[in-house]
Amino acid sequence: MPTIETEIRLLGNPATGELLARVPLSGAADVDAAVAAARAALPAWRSRSTIERARWLFGFRQVLEAHQDELARSITREMGKTFADARAEVGRAIEMVEAASAVPQTMQGRVLENVATAVDCETFRQPVGVCAAIAPFNFPAMVPFWFLPFAIACGNTFILKPSEQVPLTQELVFNLIHEHGGLPDGVLNLVNGSRDVVNGILDHPGIDAVSFVGSAAVARYVYERAAAAGKRVQALGGAKNFMVVMPDAVIDKTVGNIIGSAFGAAGQRCMAGSVVIAVGDAKRPLLDELVTRTRALSVGDGLEQSTDVGPVISCQARDRILGWIEKGVASGAELLVDGRRPASRPAGAYVGPTILDGVTPDMEIAQEEVFGPVLSVIHADSLDEAESGAAVRRYRHDVEVGMIGVNVGVAAPVAFFPFSGWKGSFFGDLHAHGSDAVEFYTRKKTVTSRFFSGGETGRFFTEQGDRS
Ligand code: NAD
C-alpha cells in the first residue's frame, strides 16, 4: 500500500549498528486506507465457511515452518535475541496458528431445545468486524500471532501495527502470506509507524476491536482512548516478575531457570524474572551458584552460536538500563555482578548480565520494570515474609498475579491457554490467545425460534401470558 507523506525512521541492527531499513512512519491516512480495505473484505470473509478459514491456516502453518530459520534470523537481526531464542519464538507463533485452526470446534455456539413449548434458543458466535493489533518490539513474530490467526479464523478482517523498532519480521510474514495466496485482498493489512498511526487506529470509527501489547502506561492510554471510542479492547502492559526460592530448592536446576528467565532475550521479556527472593537458608548456595554461572555467560551478537546474551534493542534502551543499575547502587544495593561494560562488547547496545544483592522491597529497582538483564536479589527470613504460604499450593492460591510458574522460569502459557497479567499489567477482561481469543474475536447472537405445526390454536397470547 502506498504511504502518504510519511516520515522515515532509520532502523539499525542492535548488535552491529548496521543500517537495516528505512521504516515509514505512517499516519491516519494509511489507517484510513487499511480500514477501507478491511471493511470491503469483511462481508465475503465472514461468509466463507469456517472449515475453509481453518484450512487456510493449516496451509499457512506449513509455510511458517518451512521459513522458520529465515524468520528467526530476521528477529535476531532487528531485535537482538539469540538465534536459538528467536527460533523458539517462531515456534510459538506456529503454535498460535495451530490453536487458531481449531476454530470449527472452538467457535461453536450453544443450543437449548424447548425453552418453552416448541420454542428453541440458540447462540451463534459471529465475527466482531475489523480488528486491529498494536505490538511491542520484544517478540517481533510471536506477539502479532497472539491475535492475527485467531482474528481471521473467527471471520474478522485484521490490521496489524508492528513496533516501529522491529517492522521487518512482519514484513517478511506478510510477503509469505502474499506468496502463499488464498486470502482475499484486505483480509490482512499491515501499517507501520508509531504514535500517530496508533492514535489513528484508536479513534477510527471503522475499527471494532483493538488488541494492544506494550508498556503499562501506553496500555492504559490505549485502553482508555479506544474504549471511549466504543471499541472492544484488551491491553496487555508491562510487568514486574518475582521468583521465590525456598530453602529446599534443587539449586542447580533452579539457578538454570533463574538465569534463563532474568537474562534470556537480555531481560527484555514481559515475563522476565527480575527479582529473586531467597528464603532463609536458600541464600548462600543460591548466590554462590548464581554468581558463578552468570559470570560465565557470553555477551555478543545473537547470530553467533557462542552468544548467550545478545544486545538490548537500542543504545537508548542501554542508557535507560544503566540508569537503573546506578539507581539501585545509589539506594544501597551491592553490585555482585557488574555488566555495565561487558568486556567482550564494551561499545554498542550491550548490557551484560548484572546482579544486585541486598535489594529491599521499598527500593524502586524492586518495584519498577527494568526491561534489561538486571536481576535484584532480596533476602527473606521466612515464607510469610516472601509473600508465600507454607507450600506452593498456598502460594498459587493466594498470590494476586495472572500467571505463575512452579519450577518454571518463564511461565508463558501455551497457545491453548489464555495469557495475561493482572492489576496494572492488564486493562480489559479477555486475555490473549486460548479460549479467550475466541471470546474476544466473536460476538454472540441469540436466536429464539418458535415453530408452529398442525393442531396449534394460532393464539399468540396464552393464558400464562406472552412468553417472549
Ligand atoms: P511500548 O509501549 O513502547 O510500545 C508498544 C507499541 O505502542 C508500539 O507499537 C509503539 O509504536 C506504540 N506506542 C509507544 N508509545 C506510544 C504512545 N505514546 N502512544 C501511542 N502508541 C505508542 O512498548 P515496547 O517498548 O515496544 O515493549 C516493551 C514493553 O511491552 C514492556 O513493558 C513489556 O513488559 C511489555 N510487554 C508486555 C507483554 C504482555 O503480555 N503483557 C508482552 C510483551 C511485552
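This structure is a prediction, so every number in the text was calculated from the model and none was measured. Sequence order as written defines residue numbering, which begins from 1 separately in each chain. Restriction of local features to residues with pLDDT of at least 70 applies here, the model being predicted, together with a cutoff of 80 or more for giving and counting side-chain atom pairs; totals for whole chains, interfaces and linings are based on all residues. Neither water nor hydrogens contribute to the side-chain values; these are computed over all heavy atoms in the structure.

Colleague: Would you take a moment to explain the overall build of the protein for this structure?
Modeller: The helix and strand labels rest on DSSP assignments: H or I over at least four residues marks a helix, E over at least two residues marks a strand, and numbering proceeds from the N terminus. Per the secondary structure count, the protein includes 15 helices and 16 strands. The globule rule puts the C-alpha radius of gyration for 468 residues at 23 Å, and the 25 Å found for the protein is close to it. Dimensions of the protein, computed from the C-alpha atoms along their principal axes, are close to 85 × 55 × 40 Å. In this scheme, a residue with accessible area under 20% of its type's maximum is buried, one over 50% is exposed, and one in between is partly exposed, where area comes from a 1.4 Å probe on protein chains only. Looking at the protein as a whole, 51% of its 468 residues are labelled buried. Approximately 21400 Å² of the protein is accessible, and the part contributed by carbon and sulfur atoms is 51%. Each radius of gyration reported is based on C-alpha atoms, and the globular scaling rule is 2.2 Å times the count of residues to the power 0.38. In this description, accessible areas are obtained by the Shrake-Rupley approach with a 1.4 Å probe, and a residue is regarded as covered only by the protein chains that are shown.

Colleague: Can you walk me through the domain arrangement of the protein in this structure?
Modeller: Buried accessible area, meaning the area lost when the parts come together, often serves as the stated size of an interface. Here the protein is partitioned into domain 1 (7-238 + 421-447) and domain 2 (241-398). The straight-line distance from the C-alpha centre of domain 1 to that of domain 2 is 32 Å. Should any heavy atoms of two residues lie within 4.5 Å, those residues are considered in contact. The partner domain 2 presents 20 residues to the 19 residues of domain 1 that form the contact. Each of two parts loses accessible area, computed with a 1.4 Å probe, when they are put together; buried area is these two losses added. Roughly 1500 Å² is buried in total at the junction of domain 1 and domain 2, and carbon and sulfur atoms are behind 65% of that figure. In this document the domain limits rely on a domain assignment from an automatic tool or a database.

Colleague: Mind showing me how you'd approach the state of the cysteines here?
Modeller: As used here, a disulfide is simply a covalent bond connecting the sulfur atoms of two cysteines. Note on terminology: disulfide denotes any pair of cysteine sulfur atoms within 2.5 Å. Counting across every chain of the model gives zero disulfides. Cysteine C154 shares no disulfide, and the gap to the nearest cysteine sulfur, in C131, comes to 8.8 Å. By relative accessible area, C154 is classed as buried at 1%.

Colleague: Just to check I follow, could you spell out the site of the ligand for this structure?
Modeller: Throughout, the term near means that a residue has one or more heavy atoms lying within 4 Å of the molecule or strand in question. Among the 26 residues in the neighbourhood of the ligand, the closest are listed as A135, K161, E164, S215 and E369. The definition of a polar contact used here is a pair of N or O atoms within 3.5 Å, where within protein one atom must be able to donate a hydrogen and the other to accept one, and adjacent residues in sequence count solely through side-chain atom pairs. Taking A135, its main chain carries an N or O atom lying 2.7 Å from an oxygen atom of the ligand. When the free accessible area of the ligand is taken as 840 Å², the share hidden by the protein chains comes to 88%. Elements with a contribution of two residues or more to the shell around the ligand: α9 (195-203), β8 (209-213) and α10 (216-228). Each residue gets one label: Ala, Val, Leu, Ile, Met, Phe, Trp, Tyr, Cys and Pro are nonpolar, Asp, Glu, Lys and Arg are charged, and the others, such as Gly, are polar. Class assignment for the residues of the shell around the ligand results in 15 nonpolar, seven polar and four charged.

Colleague: What's the story with α10 in this structure? I'm lost.
Modeller: Along an α-helix, residues three or four apart share an orientation, since each turn contains 3.6 residues. An expected span of 1.5 Å times one less than the residue number is assigned to each helix. When the terminal C-alpha atoms of α10 are compared, their 18 Å separation across 13 residues agrees well with the 18 Å that a helix rising 1.5 Å per residue should span. Those residues of α10 not exposed but buried are A219, V222 and A226. Angular distribution of buried residues about the axis of α10 spans 65°; they occupy a single face of the element. When the buried face of α10 is taken as reference, the exposed residues oriented beyond 90 degrees from it are A217 and A228. Taken from the helix axis, the directions to the C-beta atoms give the arc we talk about.

Colleague: Sorry, what's going on with the pattern of salt bridges here?
Modeller: Pairing is possible between side chains that carry opposite charge, provided their charged atoms lie close to one another. Each salt bridge in this description consists of a side-chain nitrogen of Lys or Arg and a carboxyl oxygen of Asp or Glu lying within 4 Å of one another. In the structure shown here, the tally under the stated rule is 21 salt bridges. Across the pair R284 and D288 runs a salt bridge whose closest N-O atoms are separated by 3.5 Å. Note that R284 and D288 are positioned in helix α12 (residues 283-295) at a spacing of four residues, about one turn of the helix. The exposure class of R284 is partly exposed, given its relative accessible area of 47%. The partner of D338 in a salt bridge is R340, with the nearest N and O atoms 2.9 Å apart. Classification of D338 by relative accessible area gives partly exposed; the value is 43%.

Colleague: Explain unusual backbone geometry here, please?
Modeller: Comment: phi is negative for the bulk of residues other than glycine, and the bulk of peptide bonds are trans. Its identity is not glycine, yet A118 carries a phi of approximately 60°, on the positive side. Along the chain, A118 turns up in the loop between β3 (110-116) and β4 (119-127). By relative accessible area, which is 27% here, A118 ends up partly exposed. With a phi close to 50°, K423 is a non-glycine residue in the positive phi region. Inspection of the secondary structure assignment puts K423 in the loop between α14 (392-398) and β15 (426-427).

Colleague: Where do I start with the nonpolar core in this structure?
Modeller: Think of a nonpolar core as a cluster: buried Ala, Val, Leu, Ile, Met, Phe, Trp, Tyr and Cys residues, connected wherever their side-chain atoms sit within 4.5 Å. Ranked by size, the top nonpolar core spans 113 residues in total, and within it W146 and F158 carry the most contacts. Built from parts of two domains, this core gets at least three residues from each of domain 1 (7-238 + 421-447) and domain 2 (241-398). When residues no more than four places from it in sequence are discounted, the contact partners of W146 are M96, V213, L236, F419, A432 and H433. Residues V35, V130, I201 and A235 belong to the second largest nonpolar core, which totals 22 residues.

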